[in-house]
Amino acid sequence: MPINKSRTLTIVNKETSISDDLLTQFYVINLAANNQVKQFNKNKFGQFFTPLPIAKLMAGMFDFSLPEISLLDAGAGAGSLLVGIISELCQHQQKPKSLHITAYEIDPTLIDFLQQTLKLCHNACEQLGINFTYKIYNIDFIESVFELLQYPLFNHSITTEFTHAILNPPYYKINSQSKYRLLLSSLGLETTNIYTGFIFAAIQLLKINGQLVTITPRSFCNGAYFREFRKFFIEKMALEKIHLFDSRQKVFSDDKILQETVIIHASKQNRKPENISISSSLNGENNIISSHILVYNDIISDHDPEQFIHIIPDNVSQKIVEQIKQFNCTIQDLGLNVSTGKVVDFRIKSYLKLNQEEDTVPLIHPTHFENGYINYPKNTKKHQAILLAKQTTNLLIPNENYVLTKRISAKEEKKRVVAVIYDATKINTTSIGFENHLNYFHQQGQGLDLVLAKGLTAYLNSSLVDSFFRLFNGNTQVNATDLRSLNYPNLTQLYALGQHIGTEFPNQTEIDKLINQVLLNMTNSSENNPIIIKSRIEEAIEILTTLGFPQKQLNSRSGLTLLALLDLKPHEPWTLAKAPLQGITPIMEFMEKNYGKKYAPNTREVVRRQTIHQFIDAGLIVINPDHIERPVNSSKTVYQIEAGALQLLRTFKTDEWDKNLKTYLASIETLKTKYAQERLKARIEVDISGTSITISPGGQNILIEKIINNFCPRFTPNSHIIYVGDTDEKFAYFDELALEELGIKIDTHGKMPDIIIHLQSKNWLVLIEAVTSHGPINAKRKNELENLFKNSQIPLVMVTAFLNRKVMKEYLTEIAWETDVWVAEDATHLIHFNGEHLLQLY
């Protein structure tokens, strides 16, 4: 049968195959490297190895339109970032003519692994037609750059100008007398962490218009410690793209990193772009990416002396920023200042007392914070008093009214900014000491009017301020510098707010209501209120937590999915929850329209696999209740909140919730059983070697039934069926022992074929793909199957099965050579696309 195949398709398949081979081979090298490197070395060099999905994400941010590329990797490790680069180039139609890589790696135990990786990259580039060269330097990158810049004539053999630089820099603090601190200072940078030093040094080596992509902690975006670095970065580089991660735990999960991390793309030029692209995902392996475009000045303001980088991840966050901008006073405009508590306990240990005694004054700690006020003294192991002495006088301030905030919040705390009123009338003393883990607001060292203090405390404790602060602060610290950079209401507004605060401090809901009514002139039911939107998403996540969902589903994506399935808008009470039939696309459209969360169209599958599936398993929703026999992978598949769950959720935030929740949780297993039985009635029954199994109805399983009942008796008679997949359940049938007896071990996490058959008469392994909505065995899929079954010592025969010729016609140009095609409506015939293993002559 003559087949016309597309040359373009062949090229794409070939390049995809090159990329897949490279990634597969590097996986083995990277695993060995991780096992080889000791934790001592990781700590010594500040190493956090880049996961391959992150590397590919970073590489995808570059523009590779230049014909000749010189690329710097300043801390190459085993080479994952470089593999990401080559994998990305495989996807580009227009490829560079040449690529030269300069890789620095200080850890000698990684050099052999890096060498192996770069040889793999060389082989891949050779197949792609790219002239590839590389150089590895097993030396200190910072020292090398210092010597290159200070003594260029003596280092002419090292490349000093790069078109591209990709970095996952080491991370650790450097003290004032360290070698790196002194080297960087001599080059013009004062910094406290090595990662900013690496980025600084890499920028020095970039050509004009050269591009930088780096993954770093988010901490450099704000705070006094990184002021000099930000000034340098913003002056030299044009920031163009920022990628955020919704989960701080998931990015470097193997290393248990809790720092908030960002990827940035910038080019070395003075002219700044009009806009910056901001995207986000849960982690590198999760392709659910939302993105939006913001004006450059909204991210980096010309009028900000601190030059903070304000990362605004979505539309709701943008509304929060717009609300804060309505308050245009600085702390100086109010005649106020904020300072850090002066008492550092270990420095004056001999002057501290557990409790107040004669000649002591109170010492206030964060532990004394309670419901908006100070509760002193408390039953605590901390020292609560400080001796009056010449050595402590300068650490004390007058006993007047102040506003105190915590400098460090615990990771589990819901709020980052926590403020209280220090009411001088509540403690009988002439002076007071504030411990160093506190910040305090004052007027040139004196106290505040009590009404003003109450208004300021309410403002700082608002969800609006906390949400704004979290946008731009990537750690758990709230420093005085951060508080000085905030926008504040004017004095009249703060006094008006303070008039509403009594002896009992209002709860969070009451505070936010006051902020809306007194400061923003908004009603609590406003559809555009970003705090209401944020609060509603948090409520949905709270419900999922209460229902016992695992950590992977306790995120905004799952919360928004629940709200979409309830058709519940931000301003509507839970009593108005509904139960419409919703498909994945309408769910995502609801998220964007009502909650400002826009996900990329290609992320539907992630919503289905990582949220919807778990909702179904938990009995929270039902699938296709309008047509139980509809295939689960049908484009018309819909989901609906389960009736009992709907009744429960309508009572959320009411007095009935706790009682109804207990009843629901007690009955949920019965409900799950009921829906499982309904779906079981519609399942397809097939017989495998005398064993009866059922597979889910519709979709490709109709074709799988025909393969087992029609194809197998004719083309693989007296064979042994080893594996049958299912659209509902990956392993509908799996005789793993039979596979092991053939000496075959496979990664069952890989993408399995739909059916595996051992044709015993010829000792062949027949792999069958059933095509109804997904593609056939093309060159890429053939390569995947060959890799999956690489341990097989017997020949592989691959067959693509179609229901009818009409479907086959759609995929004809994609079919790989050396495979077969079977069409169910012509069950007695087989189409052979060349190759030496012919199942049957007609």
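K.L.:
Run through unusual backbone geometry, naming residues and quoting values.
P.N.:
Here the amide bond leading from Tyr 376 into Pro 377 is cis, since omega sits at -10°, within 30 degrees of zero. For Pro 377, the location among the structural elements is in the loop between strand E14 (373-374) and strand E15 (385-387). Positive phi values are uncommon outside glycine, yet Asn 209 reaches one of about 75°. Mapping Asn 209 onto the fold places it in strand E5 (residues 206-217). Backbone geometry places Asn 763, a non-glycine residue, at a positive phi of 55°. Structurally, Asn 763 is set in the loop between strand E27 (755-759) and strand E28 (764-771). Residue classification places Asn 763 among the partly exposed residues on the basis of a relative accessible area of 34%.

K.L.:
Run through the nonpolar core, naming residues and quoting values.
P.N.:
By size, the foremost hydrophobic cluster in this structure holds 95 residues, and its most contacted members are Phe 141, Phe 233, Phe 441, Tyr 459, Leu 460 and Tyr 488. With eight residues, helix H8 (residues 194-204) is the largest single contributor of residues to this core. Not counting residues within four places of it along the chain, the set of residues in contact with Tyr 459 comprises Ile 324, Phe 327, Val 465, Asn 487, Tyr 488, Pro 489, Leu 494, Leu 497, Ile 515 and Leu 519.

K.L.:
I'd like to hear about empty space enclosed by the protein, residue by residue, with values.
P.N.:
For the coordinates displayed, the defined rule picks out three cavities of 30 Å³ or more. As a volume, the second largest cavity reaches approximately 60 Å³. Tallied by class, the residues present in the lining of the second largest cavity amount to one nonpolar, five polar and three charged.

K.L.:
Explain the environment of Phe 434 residue by residue, including any values.
P.N.:
Along the chain, the position of Phe 434 falls in strand E19 (residues 431-434). Counting along the chain gives 71 residues from Phe 434 to Leu 363, while the straight-line C-alpha distance between them is 5.8 Å. In this view, Phe 434 contacts Gly 341, Lys 342, Val 343, Leu 363, Ile 364, Ile 397, Tyr 402, Leu 404, Tyr 422 and Tyr 440; residues no more than four positions away in its chain are not counted.

K.L.:
I'd like to hear about the packing of helix H11 (residues 315-324) against helix H17 (residues 530-546), residue by residue, with values.
P.N.:
Put simply, H11 and H17 touch, their axes get as near as 9 Å, and they point 140° apart. With respect to H17, the element H11 is oriented oblique. In terms of crossing hand, the pair formed by H11 and H17 is left-handed. Each of Val 316, Lys 319, Ile 320 and Gln 323 in H11 lies in contact with H17, whose residues at this interface are Pro 530, Ile 531, Ile 533 and Lys 534. Residues of the contact of H11 with H17, tallied by class, amount to five nonpolar, one polar and two charged.

K.L.:
Explain the pairing of strand E6 (residues 237-245) residue by residue, including any values.
P.N.:
Of all nine residues in E6, seven are buried; the element is thus mostly enclosed. When E6 meets strand E7 (residues 261-268), the two strands line up antiparallel, connected through seven bridges. Bridge assignment links His 243 to a residue of E7, and that residue is Ile 263. In this sheet, strand E8 (residues 275-281) lies alongside E6 in parallel orientation, the contact comprising five bridges.

K.L.:
Now, about the packing of aromatic side chains: what can you tell me, with residues and values included?
P.N.:
Applying the stated criterion to the full structure yields 29 aromatic pairs. Where Phe 132 meets Tyr 134, the ring centres are 6.0 Å apart and the plane angle is 45°; that geometry is what we call tilted. For Tyr 134, a relative accessible area of 24% puts it in the partly exposed group. Seen from their ring centres, Phe 220 and Phe 229 are 5.8 Å apart, and the 80° between their planes marks the pair as edge-to-face. The two residues Phe 220 and Phe 229 agree in class, both being buried. Aromatic rings pair up to connect Tyr 104, Tyr 137, Phe 141 and Phe 198 into one cluster. Lying over the aromatic face of Tyr 373, Lys 426 brings its terminal NZ or CZ to 5.2 Å of the ring centre.

K.L.:
Can you explain the pattern of salt bridges? Please cite residues and give values.
P.N.:
Think of it this way: side chains of opposite charge can pair up when their charged atoms draw near. Across all of its chains, the model carries 21 salt bridges by this definition. Between Lys 325 and Asp 298 there is a salt bridge; the shortest N-O distance is 3.5 Å. Pair noted here: Lys 325 is in the loop between H11 and strand E10 (337-340) and Asp 298 is in helix H10 (residues 296-299), with a separation of 27 residues, a long-range link. For Asp 298, a relative accessible area of 27% puts it in the partly exposed group.

Calculation criteria
- Residues numbered from 1 in each chain as written.
- Predicted model: local features only at pLDDT ≥ 70, side-chain atom pairs only at ≥ 80, totals over all residues.
- Heavy atoms only, no water.
- Helix = DSSP H or I, 4+ residues; strand = E, 2+ residues; numbered from the N terminus.
- Buried < 20%, exposed > 50% of the residue type's maximum accessible area, 1.4 Å probe, protein only.
- Core = buried A, V, L, I, M, F, W, Y, C linked by side-chain atoms within 4.5 Å.
- Contact = heavy atoms within 4.5 Å.
- 1 Å grid on protein atoms, 1.4 Å probe; cavity = no way out; pocket = protein on both sides within 12 Å on 5 of 7 lines; lining within 4 Å.
- Points joined across faces, edges and corners; volume = space filled by probe spheres on them.
- Nonpolar A, V, L, I, M, F, W, Y, C, P; charged D, E, K, R; others polar.
- Axes fitted to C-alpha atoms, helices over the stretch in contact; angles between N-to-C directions.
- Parallel < 35°, antiparallel > 145°, perpendicular 65-115°, else oblique.
- Left-handed = near helix turned anticlockwise from the far one by under 90°.
- Pairing = 2+ DSSP bridges.
- Phe/Tyr/Trp six-rings, centres within 6.5 Å; stacked < 30°, edge-to-face > 60°.
- Lys NZ or Arg CZ within 6 Å of the ring centre and 35° of its normal.
- Salt bridge = Lys/Arg side-chain N within 4 Å of Asp/Glu carboxyl O.

By themselves these figures say nothing about function.
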